[in-house]
Amino acid sequence: MTSRPRRSALYMPASNARAIEKARALPCDTVILDLEDGVAPDMKDLARDQATEAARAGGFGRRELVIRANGPDTEWGEADLRAAAAVRPDGVLLPKVSDPEVLRRARAMIGEGIPLWAMIETCDAILNLAAIVAAARETGLVALVAGTNDLAKEMRCRPGALRTPLLPVLSQIVVSARAAGVTALDGVCNVIDDDTVFEAECRQGLDWGFDGKTLIHPAQIATANRVFAPSSEEIAWAEKVVSAFTLPENASRGAIRLEGKMVELLHRAEAERTLAIAAAIRAA
C-alpha cells in the first residue's frame, strides 16, 4: 500500500483548456484529466489533444496527474490509450472495468510502466472484484475508484444522503482494494454548494476505509484534504505506538500495553503508515 496521499482526486474535463490550466495551481493531491463522461462526443479528439499536451508540458508540481481514458472497447479508447502511452502520465484511469480483461487489453495498448486505475461502476464489476484485484500485479493496477453515480443507475437504487443502498458495494470495493494492497477512492458527491453535506459524505467514506475521495469541483478540495488527512490526535497516538515498540523491553513482543490499551504489531504497522502519510502531506 502506497503512503502517497490521495485524499482529493479532482476530475477536470480535458476539453476545457482553462480548467486544465487552473488545475496546475489547485491544492488537490491528484488531477484527473477526463476524456470520458465529462466530454461530449464531438469534443473527444480535442480533449485528448489537450490532455496529452498538458501532460507533456507538465507544471503540475507535486500533484499526481492521471488521464481518464474512454474504455478500450469504445471508438475513442485505443486512441486515448496510445496517446497516454506517448506522454506517460502518473496513471491512466479506465472506466467501467467489469472484468480483468479490460485491464489486460489496456495494458497491451499502453505497454509497461504506467500504473492503471480502475473505475468500479457496474454490477458486473462488483461480482468480479476478486478476479479484478487478483490481476493487479500482472496488470499494474494501483487504485480502485468507486463510480457511485453509475452504480446507483445500474442498481436502480436511491442512495439518498446516507447512501445506504450503496454501502454494501462500497465495503466490497474497500475490502478488495485492501486484499490487493491498492488505493481505494470513494465516489463523487454531487452536492457542490453545501459543505456540510459534502463533509458528512467524506467522513462516511473515511469511516468505511477509503483513502480519499474523487471530486467534481475545486470547492470540495479543502474539505476532502482535511477529512482524509491524519488528525493531530491520530499522529500523536501513532508516534506513541511506534516509540513504544522501539523500546528494548518491547523489541521481541507481539503485543504491549499502552495507556490502558492492548497494542499489537498490526497497530504498529498502521501507525507507521499514518506517520508516512502525514510526512508526505507536510512535504507537499
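What counts and what doesn't
Residues numbered from 1 in each chain as written. Predicted model: local features only at pLDDT ≥ 70, side-chain atom pairs only at ≥ 80, totals over all residues. Heavy atoms only, no water. Helix = DSSP H or I, 4+ residues; strand = E, 2+ residues; numbered from the N terminus. Rg over C-alpha atoms; globule rule 2.2 N^0.38 Å. Buried < 20%, exposed > 50% of the residue type's maximum accessible area, 1.4 Å probe, protein only. Lys, Arg positive; Asp, Glu negative; His and termini not counted. Charge placed at Lys NZ, Arg CZ, Asp CG, Glu CD. Pairing = 2+ DSSP bridges. Axes fitted to C-alpha atoms, helices over the stretch in contact; angles between N-to-C directions. Left-handed = near helix turned anticlockwise from the far one by under 90°. Contact = heavy atoms within 4.5 Å. Nonpolar A, V, L, I, M, F, W, Y, C, P; charged D, E, K, R; others polar. Salt bridge = Lys/Arg side-chain N within 4 Å of Asp/Glu carboxyl O. Core = buried A, V, L, I, M, F, W, Y, C linked by side-chain atoms within 4.5 Å. Parallel < 35°, antiparallel > 145°, perpendicular 65-115°, else oblique.

Caption draft 1: Inspection of the overall build of the protein at higher detail. Counting secondary structure elements, the protein contains 13 helices and 10 strands. At 20 Å, the protein has a C-alpha radius of gyration in line with the 19 Å of a compact globule built from 284 residues. In terms of its C-alpha atoms, the protein occupies a principal-axis envelope of roughly 65 × 40 × 40 Å. Relative to its full complement of 284 residues, the protein shows a buried share of 51%. With 34 positive and 39 negative side-chain charges, the protein shows a spacing of 3 Å between the two charge centroids.

Caption draft 2: Up close: the sheet that holds strand E1 (residues 8-13). The eight strands lie next to each other as E1-E2-E3-E4-E5-E6-E7-E8, forming a closed barrel whose pairing is parallel. Taking each pair of neighbouring strands and ignoring which way they run, the sheet shows an average axis angle of 25 degrees. Where strand E5 (residues 116-120) meets strand E6 (residues 141-146), five bridges bridge the pair, whose relative direction is parallel. What sits directly across from Ala-118, in E6, is Leu-144.

Caption draft 3: Representation of the packing of helix H10 (residues 195-207) against helix H11 (residues 221-228) in the model. Where H10 meets H11, the closest approach of the two axes is 10 Å, and the angle between their N-to-C directions is 35 degrees. Where H10 crosses over H11, the two elements pack in a sense that is right-handed. Of the residues in H11, those in contact with Asp-195, Phe-198, Glu-199, Cys-202, Arg-203, Gly-205 and Leu-206 of H10 are Thr-223, Ala-224, Arg-226, Val-227 and Phe-228. Its residues placed into classes, the contact of H10 with H11 shows six nonpolar, two polar and four charged.

Caption draft 4: Structural detail: the pattern of salt bridges. In this structure the tally under the stated criterion is 26 salt bridges. For Arg-104, the salt bridge goes to Glu-138, with nearest N and O atoms at 2.7 Å. Taken together, the residues Arg-104 in helix H4 (residues 100-110) and Glu-138 in helix H7 (residues 136-139) connect sequence positions 34 residues apart. When its relative accessible area of 30% is taken as the criterion, Arg-104 is described as partly exposed. Connected through salt bridges with shared partners, the residues Asp-34, Glu-36, Arg-68, Lys-96 and Asp-150 form a single ionic network.

Caption draft 5: Examining the nonpolar core more closely. Leu-33, Ile-120, Leu-144 and Ile-173 are the most contacted members of the largest nonpolar core, which totals 66 residues. Among the elements that line this core, the one with the most residues is helix H9 (residues 167-180), at six residues. Setting aside anything within four residues of it in sequence, one finds Leu-33 in contact with Met-12, Ala-14, Ile-20, Ala-51, Ala-54, Leu-65, Val-66, Ile-67 and Arg-68. If you look at the next biggest cluster of nonpolar residues, it comprises 11 residues, including Leu-93, Met-119, Ala-143 and Val-145.

Caption draft 6: Up close: the packing of helix H12 (residues 232-246) against helix H13 (residues 265-283). With their axes 8 Å apart at the nearest point, H12 and H13 run at an angle of 130 degrees to one another. The orientation of H12 with respect to H13, classified from their angle, is oblique. In this structure, H12 meets H13 at a crossing whose hand is left-handed. Packed against H12, whose contacting residues are Glu-234, Ile-235, Ala-238, Glu-239, Val-241, Val-242, Phe-245 and Thr-246, the element H13 presents Leu-265, His-267, Arg-268, Ala-271, Glu-272, Thr-274, Leu-275 and Ala-278 at the interface. Class assignment for the residues of the contact of H12 with H13 results in nine nonpolar, three polar and four charged.

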